[in-house]
Amino acid sequence: MKKVNFFKKKLIKISILFPKEKFENDVSNFNIKPLEEAGFGDLTFFDSIKYKNLALKTKASYCLTKDRIKQFLPSKTKCIIVENVLFELAKLLKKIYPYADIDYPDLSLKKPAKNKFNKVKFGNNVLLGKNVKVGKNSIIGSNSIIEQNVSIGDNCIIGSNVIIKNTIMGKNVVIQDNCKIGLKGFGFIPLKDKNFKFPHIGSVLINDEVEIASGCTIDRGSVGNTIIGKNTYLDNQVHVAHNVKIGSNCMIAGQVGFAGSSIIGNNVLIGGQAGVSGHLNVGDNVKIGGGSGVVKNIKDNHVVMGYPAIPLKEFIKNNKIKNDE
Amino acid sequence: MKKVNFFKKKLIKISILFPKEKFENDVSNFNIKPLEEAGFGDLTFFDSIKYKNLALKTKASYCLTKDRIKQFLPSKTKCIIVENVLFELAKLLKKIYPYADIDYPDLSLKKPAKNKFNKVKFGNNVLLGKNVKVGKNSIIGSNSIIEQNVSIGDNCIIGSNVIIKNTIMGKNVVIQDNCKIGLKGFGFIPLKDKNFKFPHIGSVLINDEVEIASGCTIDRGSVGNTIIGKNTYLDNQVHVAHNVKIGSNCMIAGQVGFAGSSIIGNNVLIGGQAGVSGHLNVGDNVKIGGGSGVVKNIKDNHVVMGYPAIPLKEFIKNNKIKNDE
Amino acid sequence: MKKVNFFKKKLIKISILFPKEKFENDVSNFNIKPLEEAGFGDLTFFDSIKYKNLALKTKASYCLTKDRIKQFLPSKTKCIIVENVLFELAKLLKKIYPYADIDYPDLSLKKPAKNKFNKVKFGNNVLLGKNVKVGKNSIIGSNSIIEQNVSIGDNCIIGSNVIIKNTIMGKNVVIQDNCKIGLKGFGFIPLKDKNFKFPHIGSVLINDEVEIASGCTIDRGSVGNTIIGKNTYLDNQVHVAHNVKIGSNCMIAGQVGFAGSSIIGNNVLIGGQAGVSGHLNVGDNVKIGGGSGVVKNIKDNHVVMGYPAIPLKEFIKNNKIKNDE
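These lines cover the structure that appears in this document, whether it is placed above or below.

Each value, and the rule that gives it
- Residues numbered from 1 in each chain as written.
- Chains lettered and ligands numbered in written order.
- Predicted model: local features only at pLDDT ≥ 70, side-chain atom pairs only at ≥ 80, totals over all residues.
- Helix = DSSP H or I, 4+ residues; strand = E, 2+ residues; numbered from the N terminus.
- Rg over C-alpha atoms; globule rule 2.2 N^0.38 Å.
- Buried ≥ 20, exposed ≤ 12 C-beta atoms within 10 Å, placed from the backbone.
- Contact = placed C-beta atoms within 7 Å.
- Nonpolar A, V, L, I, M, F, W, Y, C, P; charged D, E, K, R; others polar.
- Core = buried A, V, L, I, M, F, W, Y, C linked by C-beta atoms within 7 Å.
- Least-squares fit on C-alpha atoms with pLDDT ≥ 70 in both.
- Pairing = 2+ DSSP bridges.

**Observations regarding the overall build of chain A**
Right, so step 1: Looking only at helices and strands, one finds 4 helices and 33 strands in chain A.
Right, so step 2: At 21 Å, chain A has a C-alpha radius of gyration in line with the 20 Å of a compact globule built from 325 residues.
Right, so step 3: Seen along its three principal axes, the alpha-carbon backbone of chain A occupies a region of about 70 × 60 × 40 Å.
Right, so step 4: Residues counted as buried form 56% of the 325 residues belonging to chain A.

Below, the structure written as structure tokens:
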């Protein structure tokens, strides 16, 4: 999937952004990325020992971090020491991406230009932003809104009343009516009487063969991306928070919720109304029973159920569940 | 409620669909129905011993089934033995109903024709498919989409941003803003890298006096129908999966979820955020506490709460719940 | 926030409404309000000993109540004794406010009049009812519907596909795509075969700096109002039922549900998918873990988790939750 810049960026010299620091090169065109995605020239952030292993291997040139954990960063990475990493990151993002902290409605929307889309069918009142791409044999239902720079692959079926922004979508994807994809997630620095809204500059990447049922909300990544893996199916009213990465061939039943930044493996089955807390790892081939509350990591091939989720066998034993009477 | 064919059907001779079988009459106009609804000339399917009692009484002429359970079918029913009943059924449905496996947006939508609807009021930008029926004194709010062949009774109040497809609705029904009714449910045969989408050819039947609050999703039946009984009320954000049948005079609070094919009796009360697993029977006059997870059948008149749901008295005792401090 | 009458009112003399009662002044322009909001000349209702303390202090001139609890009302308040307070109240409201028992779509909607809105930006196909107010520098996204008499403050960002009715909103409020605000809640008197719909004449008050994420439903108050306090943030798919009052500086994560009439303090944090039962009090600075089911009042500064919710320490001990393995 090709890279797209969804958010307007201001070029500001790094010496102006961090006046107390000294920089060898006073760059302004650096990108801000998560530890594992940052490369040479990029700025990253490291705020919790939990991400020690990613810090050790980062290739970022600059890193916002705390004095207490800076030693895990490579020597090539210049540390910018702050008190509150996430607050400083939020303020930095707001300076560089002034329009990423709120979902400002796209005011460039227009009806699809004739002759521009090859073999694409549009319902009534479809609205497209600038530079939207839609692959051949795709259909977009009535009243749907595809905001600027979104890319939709071939043979995709998008329902009615759908809103898609900040998203790159593969081919053969089905999105049912009323889904909202690529919106800003629930991210802010709590401040009395006026929270500081955390700009979210990430995207949503939806891989080939994905199916997303009606009324789902999939928020874009904060600094990295939110990702739905190939051939993964989501049922109605599923909530996927920012930065969540779901593997391929997963089946996620209705009303499941994922808090921010959790990583779900491949071939994972999740029953209806289950919830997965934030910043967790769920392994491959995991099965999670309906209604479960997952509050810690789950290793590959485990089957869990309960609130909090425990191995299914234990859950059945604890609750003396028998077959139907 | 009259029968309507929502999905385009291909007529294929049964000898071509099942070339290894021998048939007395090489019919092509048979219908595919669940065990209990199939009549003479219809094809049905029987894949689990759980439905033994329905199998014993079926009137179907043909039945897809497994060798291991075929003996429960009446001698008049011709068994078509397969390895994987649901997969063969899905492939059969895809051949006969090629457009029922995805919610292809209705591209026949138009503004309501003047003079066609007697005493019906429409908001702005309402879109109707071909052959939509709306009874007198009904109102349909702005931006709502009623797809082809949907039938709405007299005195119905449909809100704004509502999408209704594959649905037959009685009279005096209220549907609040943003409901999505009649969409394809979560049904597919899991296959690595490319699931096989199960065509859903059923409808949603909504009886008189029903009220459905904002943001609900009610999926259509797979082979049979999804049914909401008379005078049953659903609160906001309820999810009703395919084939669920809810009786009359029920009260279903906000964010409740029903997995596929469960049958709920009459006068059932369900508290907010409760979940009912698939293929269960919940009796008449049952009360289910908020947040409960129902994982087995519940007999008439029982009161349950908990995850998994247990008799309310036990739940209170186990949890030592006292009155407000 | 200024008072607005969202519902058409019929003036009926109180002697006609209650022919068996004697009244000193045969008024017809009285208002119907909750115990704590009713003033001189108003009619209120008192149906449960739970609200004894509010009854003792009410300033209402008239009160629908039961013989068994009437002694808690001040002597200046004229008691109107009935068998079923809520049913009589519902019938009274239906006579005075005949159009508040169903969300009749606003059929007065029009595109925004040019020159009428100062420094307001509108997306495509925005529809406004009569007498809608939108403050300067606000933006309203495409396909959104703002029904009659709604008031939106300055610098508000309203997304696309949003529906707002019966609502007064302060400044700097963000409402993401697809929210439904001010709809009628889940209120009715259960009657076999035809429930009696309870007219809901309250509003939704949204204070300054509030942010409400995608797909939330916030129902209006029944007789009083539903209130979201200053700088409170709601994540995606939250359900706020009628009469709920949420304090300021709260953080409510995704898919949380509030049943009717609960009162939530300030600085409250609620994790994803938690549910709060109806008619409860949750104190200031309370933290409620994700997935919890709150079934009784919670005092200030408490931290709870579980279903039913118990002190977090107990929950951890009971469930032997350890740090990540």
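**Focus: the interface of chain B and chain A**
Right, so step 1: With 36 residues of chain B at the contact, the number on the chain A side is 40 residues.
Right, so step 2: Taken together, the residues of the side of chain B that touches chain A sort by class into 17 nonpolar, 13 polar and 6 charged.

**Examining the environment of G185 of chain B**
All names here are of chain B.
Right, so step 1: The residue G185 is located in the loop between β14 (180–183) and β15 (188–189) in this model.
Right, so step 2: Along the primary structure G185 and I218 are separated by 33 residues, whereas in three dimensions their C-alpha atoms are 8.5 Å apart.
Right, so step 3: Other than its neighbours up to four places away in sequence, G185 contacts H200, D219, R220, S222, A241, H242 and G260.

**Quick look at the nonpolar core**
Right, so step 1: If you look at the biggest cluster of nonpolar residues, it comprises 195 residues, and the most contacted ones within it are I252 and V294 of chain A, I252 and V294 of chain B together with I252 and V294 of chain C.
Right, so step 2: Those residues in contact with I252 of chain A that sit more than four places away from it in its chain are Y233, L234, D235, V238 and I270 of chain A.

**Details of the relation of the copies chain A and chain C**
Taken together, a rotation about one axis and a shift along it account for how the two chain copies relate.
Right, so step 1: When chain A is fitted to chain C, the best match, at an RMSD of 0.0 Å, comes from turning it 120 degrees and sliding it 0.0 Å along the axis. This pairing of chains is accounted for by a three-fold axis.

**Some points on the sheet that holds strand β7 (residues 139–140) of chain C**
Right, so step 1: Spatially, β4-β7-β10-β13-β18-β21-β24-β27-β30-β32-β33 (chain C) is the arrangement adopted by the 11 strands of the open sheet, whose pairing is mixed. Of all the strands in the sheet, the pair left with one neighbour each is β4 (121–122) and β33 (310–311) of chain C.

**Let's talk about the sheet that holds strand β19 (residues 217–219) of chain B**
Residues and elements named next belong to chain B.
Right, so step 1: Spatial ordering of the open sheet is given by β5-β8-β11-β14-β19-β22-β25-β28-β31, a layout of 9 strands whose pairing is parallel. The open sheet has two edge strands with one neighbour each: β5 (127–128) and β31 (293–294).
Right, so step 2: Sheet topology note: the strand β11 (residues 163–164)/β14 ladder contains 2 bridges and is parallel. For I164, the partnering residue across the bridge sits in β14 and is I181.

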